[in-house]
Amino acid sequence: MSLWEALAVFAAGVGAGTINTIVGSGTLITFPVLLATGLSPVTANVSNTLGLVPGSISGAIGYREELRGQRARVLRLGAVSLVGGLAGAVLLLALPSDSFDTIVPVLIGLALVLVVFQPRLAAALRKRQEAAGGDTGHPDGGPALLTGMLLSSAYGGYFGAAQGVLYLGLMGLLLREDLQRINAVKNVLAAMVNGIAAVFFLFVAEFDWTAVLLIAVGSTIGGQIGAKVGRRLPPTVLRGIIVTVGTIAIVQLLIR
């Protein structure tokens, strides 16, 4: 890797760490850069996954105030996310990518619809539940959220681009919670999924350790930048950023 390539990978790591903390989809920044340096797709993917773990942890630390009082939720969703992330990592090495290439843009598009209409959908859902029996629904999303997080985490362990958008769409609809606090949980879960996938890859895949180090340092810096910026964004602006990034993700996935 030349000096200019190393600088490009480091800069991509900073950008990915920043956007991952605010929304997600940082992989769409780092993955093409790694491919441009000559790495194979699988080596680029696994190196990227390991490199982004410190950035996810950095972003979660930056959102520590919003995590207060959510320990039980994080543990519950985290257990499901770990299982899904490991399953996705296994699928990366066991299956061709054609099926995922087809369904991923659809999943991201659905998540964007959920994010845009989340306030209205959530209000309508609660109104219907109250009319049916006076119950406003499960405070932690119930089986529907657990199933959705399991599948989203499997996708995250497989590739991870726009994984955060899927998380935000699901939790935003099914949890009675502020979007910033949901974003804080999203950062922890992303760190867990990337971490479990990276541990699996350590035993069965080949890494480019220079790329891993550059992305790790860059994404750690970016995680702190993203936390400082993201925590100040009002819900409407945050939703706008999520939709913009998600739309870009869909376009990139369709044309790559």
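Not measured: the values here are computed from a predicted model.

Participant: Please explain the side chain of Thr49 as it appears in this structure.
Facilitator: Within the secondary structure, Thr49 sits in helix 3 (residues 41–62). Apart from the residues lying within four places of it in its own chain, the contact partners of Thr49 are Asn194, Ala197, Ala198 and Phe201.

Participant: Quick question: what am I supposed to make of helix 7 (residues 142–158) here?
Facilitator: Quick reminder: α-helices carry 3.6 residues per turn. Residues three or four places apart thus point the same way. Here helix 7 spans 25 Å end to end across 17 residues, near enough to the 24 Å set by a 1.5 Å rise per residue. Note on helix 7: the residue one or two positions beyond its end, Gly160, has a positive phi of about 100°.

Participant: Explain the nonpolar core here, please?
Facilitator: The tendency in soluble globular proteins is for nonpolar side chains to be buried as a group. Core analysis: the biggest nonpolar cluster contains 32 residues, and Leu77, Leu145, Met149, Met171, Val185, Leu189 and Ile242 have the highest contact counts within it. At the level of secondary structure, the elements contributing two or more residues to this core comprise helix 1 (3–22), helix 5 (71–94), helix 7, helix 8 (163–174), helix 9 (179–204) and helix 11 (235–255). In terms of residues, this core owes the most to one element, helix 9, which gives seven residues. Apart from residues lying up to four places away in sequence, Leu77 is in contact with Leu145, Leu146, Met149, Met171, Val185 and Leu189.

Participant: Please explain helix 1 as it appears in this structure.
Facilitator: Under the 1.5 Å per step criterion, the end-to-end length of helix 1 is 29 Å for 20 residues, consistent within 8% with the ideal 28 Å. When helix 1 is considered as a whole, its buried residues turn out to be Ala6, Val9, Ala12, Gly13, Val14, Ala16, Gly17, Thr18, Ile19, Asn20, Thr21 and Ile22. One or two positions beyond helix 1, positive phi appears at Gly24, with a value near 135°.

Participant: Please explain the environment of Thr49 as it appears in this structure.
Facilitator: In this structure Thr49 comes out as buried when scored by relative accessible area, which is 4%. Taking the C-alpha atoms as reference points, Thr49 and Ile215, separated by 166 residues in sequence, lie 9.4 Å from one another.

Participant: Explanation requested: the confidence of the model for the protein chain in the structure shown.
Facilitator: Parts of the prediction with low pLDDT should not have their coordinates interpreted in detail. In the predicted model, the protein chain carries a mean pLDDT of 83, and the fraction of residues at 70 or more is 85%. Here helix 6 (residues 98–133) stands out as the least confident element of the protein chain, with mean pLDDT 65; helix 10 (residues 209–230) is the most confident, with 94.

Participant: Help me understand a nonpolar patch on the surface in this model?
Facilitator: Taken together, the side chains of Val42, Leu93, Val199, Leu202, Phe203, Val204 and Trp209 present a nonpolar region at the surface, about 710 Å² in accessible area. For the nonpolar patch, the element with the highest residue contribution is helix 9, accounting for four residues. On the basis of relative accessible area, Phe203 is assigned to the exposed category, the value being 73%.

Conventions adopted
- Counting from 1, residues in each chain are numbered in the order their sequence is written.
- In keeping with the predicted nature of the model, local features appear solely for residues at pLDDT of at least 70, side-chain atom pairs appear and are counted solely at 80 or more, and the whole-chain, interface and lining totals rest on all residues.
- As a rule here, side-chain values come from all non-hydrogen atoms in the structure, and water together with hydrogens is ignored.
- Helix and strand definitions here come from DSSP, where helices need a minimum of 4 consecutive H or I residues and strands a minimum of 2 consecutive E residues; each element is numbered from the N-terminal end.
- The contact criterion used is simple: two residues touch if any of their non-hydrogen atoms lie within 4.5 Å.
- By this rule the span expected of a helix is its residue count minus one, scaled by 1.5 Å.
- Buried Ala, Val, Leu, Ile, Met, Phe, Trp, Tyr and Cys residues form a nonpolar core when they are joined through side-chain atoms within 4.5 Å.
- For every residue, the accessible area obtained with a 1.4 Å probe (protein chains only) is divided by the maximum for its type, and the residue is called buried under 20%, exposed over 50%, and partly exposed between those limits.
- In predicted models, pLDDT denotes the confidence assigned by the predictor to each residue on a 0 to 100 scale.
- Candidates for patches are residues over 30% relative accessible area with no salt bridge; among them, like charges are joined within 9 Å and nonpolar side chains (Val, Leu, Ile, Met, Phe, Trp, Tyr) within 5 Å.
- For the accessible areas, the method is Shrake-Rupley and the probe is 1.4 Å, while residue cover comes only from the protein chains on display.
- When a carboxyl oxygen of Asp or Glu is within 4 Å of a side-chain nitrogen of Lys or Arg, the pair counts as a salt bridge.

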